[in-house]
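So the chains spell out like this:
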Amino acid sequence: MMLYLALPLTILLYWLTRKLYQRIPLPFINPLLIPMVVLMLILHFGQLPLQDFMDGTWIINWLLKPAVVALALPLYQQMIHIKAKIKPIMICCSVSVVISILTSMLICRAMGIDEEITRSIATRSITTPLAMSVSESLGGIPSIAAAVVIMVGISGAVIGFPLLKLFGVTDPQAQGLAIGACSHAIGTAAATERGVTQGAFSSLALVVCGILTALIAPIMFAIYGLILGIN
């Protein structure tokens, strides 16, 4: 049954949530968050096989690939502005990556969290495929990395723009960079809905931070291991 209902149910929940958000524009009424929670509850309490749901929604999974490629369009449209500000963009993305990894290390260390888990969540702010690959190379657990990335992305999509507004960040380019650097693809989807500029700069930050994390994270963890005497 779930095999045939999965796709129409997913689309219906997404459409209803978007309609609800148009009437009541609250941050937590998110078309990614609410359908996900509802579907999880249906699968859990209905004791329905997850594989049937995955098989029924294969077209959505397939569309993720061209959807990511389509993010190049707003980048192309904003290329003049990006070229003019490439230096501050690179600095901002680099600082974001260092802060993200460093806070993971310090918080996990202060809470006594296992080193393997620390290496799994340090890549929380980049897109899932990269996060899984980088965390595995660091000695982490890819499945935990993926779960944390999804939670971070949804959190950024829900509270990212309200937080930026609270701190007085109103420039569309700065908003896009902040969302893309912290909330990867899920945040970028929310940024694209806000405007072309936010979407373009969020896409840029997503790509740049992903590459920089792959380069910087091993170095930071090597230094981290030397300081703490961890092999």
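Look a little higher up for the structure.
An account of the accompanying structure is given in this report. Just so we're clear, the structure is a prediction, and the values are computed from it rather than from any experiment. (Residues numbered from 1 in each chain as written. Predicted model: local features only at pLDDT ≥ 70, side-chain atom pairs only at ≥ 80, totals over all residues. Heavy atoms only, no water.)

**Things to note about the overall build of the protein chain**
What the protein chain contains, in helices and strands, is twelve helices and zero strands. Along the chain direction, N to C, the helices and strands of the protein chain fall in the order α-α-α-α-α-α-α-α-α-α-α-α. Relative to its length of 231 residues, the protein chain is compact, with a C-alpha radius of gyration of 19 Å against a globular reference of 17 Å. Within the protein chain, the fraction of its 231 residues that count as buried is 39%. Across the protein chain, contacts joining residues at least 24 apart in sequence account for 63% of those joining residues at least 6 apart. Accessible surface, the protein chain: about 13200 Å² in total, of which carbon and sulfur atoms supply 74%. Here the protein chain contributes 12 positively and 8 negatively charged side chains, and the mean placements of these two sets differ by 17 Å. (Helix = DSSP H or I, 4+ residues; strand = E, 2+ residues; numbered from the N terminus. Rg over C-alpha atoms; globule rule 2.2 N^0.38 Å. Buried < 20%, exposed > 50% of the residue type's maximum accessible area, 1.4 Å probe, protein only. Contact = heavy atoms within 4.5 Å. Areas by Shrake-Rupley, 256 points an atom, 1.4 Å probe, with all protein chains shown as cover. Lys, Arg positive; Asp, Glu negative; His and termini not counted. Charge placed at Lys NZ, Arg CZ, Asp CG, Glu CD.)

**Digging into the packing of helix α9 (residues 128-138) against helix α12 (residues 196-228)**
Helix packing for two helices is described by the angle between their axes and how far apart those axes are. Where α9 meets α12, the closest approach of the two axes is 10 Å, and the angle between their N-to-C directions is 15°. Here α9 lies roughly parallel to α12, going by the angle between them. Read as a crossing pair, α9 and α12 show a hand that is right-handed. Across the interface between the two elements, L130, V134 and L138 from α9 touch G210, T213, A214, A217, P218 and F221 from α12. Taken together, the residues of the contact of α9 with α12 break down into seven nonpolar, two polar and no charged. (Axes fitted to C-alpha atoms, helices over the stretch in contact; angles between N-to-C directions. Parallel < 35°, antiparallel > 145°, perpendicular 65-115°, else oblique. Left-handed = near helix turned anticlockwise from the far one by under 90°. Nonpolar A, V, L, I, M, F, W, Y, C, P; charged D, E, K, R; others polar.)

**A closer look at unusual backbone geometry**
Backbone geometry at Q47 places phi at a positive 50°, although glycine is not the residue there. Here Q47 is to be found in the loop between α2 (33-45) and α3 (50-56). The backbone phi angle of H184 is positive, close to 40°, even though this residue is not glycine. One can find H184 in helix α11 (residues 172-194). The class of H184 is buried, set by a relative accessible area of 2%.

**Some remarks on the packing of aromatic side chains**
Across all of its chains, the model carries one aromatic pair by this definition. With 5.8 Å between their ring centres and 80° between their planes, F221 and Y224 make a pair best called edge-to-face. Placement of both F221 and Y224 in helix α12 is noted, with a separation of three residues, approximately one turn of the helix. Each member of the pair, F221 as well as Y224, is classed as buried. Directly above the ring of F161 sits R194, whose terminal nitrogen or CZ lies 4.3 Å from the centroid. (Phe/Tyr/Trp six-rings, centres within 6.5 Å; stacked < 30°, edge-to-face > 60°. Lys NZ or Arg CZ within 6 Å of the ring centre and 35° of its normal.)

**Let's talk about the pattern of salt bridges**
The final tally for this structure, using the stated rule, is two salt bridges. A salt bridge links E193 to R18, with the nearest nitrogen and oxygen atoms 2.7 Å apart. Of this pair, E193 sits in helix α11 while R18 sits in helix α1 (residues 2-23), and the two are 175 residues apart along the sequence. (Salt bridge = Lys/Arg side-chain N within 4 Å of Asp/Glu carboxyl O.)

**As for a nonpolar patch on the surface**
On the surface, L20, I24, L26 and F28 cluster together to form a nonpolar patch covering roughly 340 Å² of accessible area. Relative to the helices and strands, L20 is located in helix α1. (Patch = residues over 30% accessible without salt bridge, like charges linked within 9 Å, V, L, I, M, F, W, Y side chains within 5 Å.)

**Description of the nonpolar core**
Ranked by internal contacts, the top residues of the largest apolar core, which has 27 residues, are I89, C93, I101 and F221. Within the residue set of this core, elements represented by two or more residues are α7 (86-110), α9, α11 and α12. Counting residues per element, this core draws most heavily on α12, at twelve residues. Dropping the residues within four chain positions of it, I89 is found in contact with I82, L177, F201 and L204. (Core = buried A, V, L, I, M, F, W, Y, C linked by side-chain atoms within 4.5 Å.)

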